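# Overview (structure and organization)
Here's the letter readout for the chains.
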Amino acid sequence: MDAVIDVSGLEKRFGRVRALDGLDLSVTQGTVHGFLGPNGAGKSTTIRVLLGLARPNGGRAALFGRDPWKDAVDLHRRIAYVPGDVSLWPNLSGGEAIDLLARLRGGTTDKAAYAARRKRLLDVFQLDPTKKGRAYSKGNRQKVALVAAFATPADLYILDEPTSGLDPLMEAVFNSEIRRIASEGATVLLSSHILSEVEQLCDRVTIIRAGRTVESGTLDELRHLTRTEVSFRADGVPQEALAQLPSAHDLAVRDGRVRFTADSDALAPVLAELARLDVRGLTVAPPSLEELFLRHYGDDLTEAAPESVEARR
């Protein structure tokens with residue numbers, strides 16, 4: 001499949017701070033790609049480079065095979081972007097802001113189709129378009145940007161923490177809209193801290209740290225990095241058998257149940273041994289993306305100094 005986003009060895013410096021340090025990212029056409037990392041990892045800097053808002057110091061970045069810095073005007077006609085902190089024109093109503101953004105992207109040529117999409121989105125996001133920008137809460141400002149993005153079809157949606165400020169009901173609406181545009185063949189780059197959101201929506205995930213890619217692949221491919229929790233009833237299972245379980249970590253007996261974790265890519269022999277022991281009440285909890293994320297970063301999430309965090313964003 002063709003790569004809509006093709007980033008190789010990307011570097012970006014702000015003074016002495018190296019925000020991007022050889023980052024690689026490839027997003028294929030028609031996929032929803034999660035982009036994960038703690039604050040200061042370089043996610044927003046990468047997005048600014050992709051939007052042609054920042055010029056890299058090294059490496060290569062391409063959208064649809066073109067340079068986002070040199071070809072920004074043409075590329076932006078094919079891109080919808082939603083930031084995590086939306087600012088609106090204070091004296092324009094939400095509806096006027098949506099229409100202005102749509103016209104900038106040339107999305108109002110078919111007026112009837114645009115009006116129908118706009119009305120549906122205003123209804124599902126429960127947004128009053130008559131209020132002035134200065135009167136909107138953070139969540140409603142976010143809704144304006146989302147309606148504007150989804151009301152005009154795009155080839156690529158770049159979404160940087162797009163559900164920031166939304167309540168759980170609106171997050172569900174957002175998820176539904178992502179599935180809709182993905183089913184129509186659009187490509188999505190979704191930067192998010194809501195790991196359950198990424199888990200539900202994304203075909204592939206790239207995890208970055210300190211401006212570098214540390215892992216990239218499907219969720220199934222990345223789960224080999226985590227451990228799966230296994231538990232079963234303790235009654236009838238000899239203690240010596242528990243001591244010989246293969247690849248078992250942190251084994252403990254609590255509340256009448258045996259609990260332990262096992263490397264996800266070494267689970268088959270564990271389950272075979274449990275079948276031989278004829279255990280009862282077996283439960284196997286697959287690892288979440290959050291566990292994968294924390295295993296990558298651990299205590300490093302709090303190590304970045306405030307000035308480095310701000311410089312990288």
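Here the structure is shown first, and the text comes after it.
Here we summarise the structure given alongside this text. (Residues numbered from 1 in each chain as written. Predicted model: local features only at pLDDT ≥ 70, side-chain atom pairs only at ≥ 80, totals over all residues. Heavy atoms only, no water.)

Bringing the nonpolar core into the picture now. One finds Phe150, Tyr157 and Ile178 to be the most contacted residues of the largest nonpolar core, which totals 46 residues. If one sorts the elements of this core by residue count, helix H5 (residues 138–151) sits on top with 8 residues. When near neighbours in sequence (up to four residues on either side) are disregarded, phenylalanine 150 contacts Arg117, Leu121, Phe125, Tyr157, Phe174, Glu177, Ile178, Arg180 and Ile181. One finds Val4, Val27, Phe35 and Ala61 within the second-largest nonpolar core, a separate group that totals 23 residues. (Core = buried A, V, L, I, M, F, W, Y, C linked by side-chain atoms within 4.5 Å. Buried < 20%, exposed > 50% of the residue type's maximum accessible area, 1.4 Å probe, protein only. Helix = DSSP H or I, 4+ residues; strand = E, 2+ residues; numbered from the N terminus. Contact = heavy atoms within 4.5 Å.)

Relative to the helices and strands, asparagine 175 is located in helix H6 (residues 168–183). Judged by its relative accessible area of 7%, asparagine 175 is buried.

Turning our eyes to something else, we now look at the sheet that holds strand S4 (residues 58–63). Overall, antiparallel pairing links the 3 strands, which are arranged S2-S1-S4 in an open sheet. Looking along the sheet, the strands with just one partner apiece sit at the ends: strand S2 (17–28) and S4. Here the strands of the sheet are splayed against their neighbours by 20° on average, with no regard to which way each runs. Pairing analysis gives 5 bridges linking strand S1 (residues 3–14) to S4, with the strands arranged antiparallel. Each bridged residue has a counterpart across the sheet, and for isoleucine 5 the counterpart in S4 is leucine 63. (Pairing = 2+ DSSP bridges. Axes fitted to C-alpha atoms, helices over the stretch in contact; angles between N-to-C directions.)

With that settled, consider the pairing of strand S6 (residues 156–160). Within a regular strand, the side chains alternate between the two sheet faces. Burial analysis of S6 places 5 of its 5 residues in the buried class, the great majority of the element. Burial along S6 is two-sided: the residues Leu156, Ile158 and Asp160 and Tyr157 and Leu159 are all buried. Inspection of the sheet shows strand S5 (residues 79–82) paired to S6 by 4 bridges, in the parallel sense. In the sheet register, isoleucine 79 faces S6, and the bridge partner there is leucine 156. Relative to strand S7 (residues 187–191), S6 runs parallel, the two sharing 5 bridges. Residue pairing in the sheet places tyrosine 157 in a bridge with valine 188 of S7. A crossover connection joins S6 to the parallel S7 through H6; in handedness this β-α-β unit is right-handed. (Right-handed = clockwise from strand over helix to strand, strands pointing away.)

Bringing the pairing of strand S10 (residues 227–233) into the picture now. Bridge count for S10 against strand S12 (residues 257–263) is 7 bridges, and the pairing is antiparallel. In the sheet register, threonine 228 faces S12, and the bridge partner there is alanine 262.

Further remarks concern the packing of helix H3 (residues 94–104) against helix H4 (residues 111–124). One can describe the packing of H3 onto H4 by two numbers: an axis separation of 12 Å at closest approach and a directional angle of 135°. Comparing the axis directions of H3 and H4 gives the class oblique. Once H3 is placed against H4, the crossing between them reads as right-handed. Along the contact surface, H3 presents Gly95, Ile98, Asp99 and Ala102, while H4 presents Tyr114, Arg118 and Leu122. (Parallel < 35°, antiparallel > 145°, perpendicular 65-115°, else oblique. Left-handed = near helix turned anticlockwise from the far one by under 90°.)

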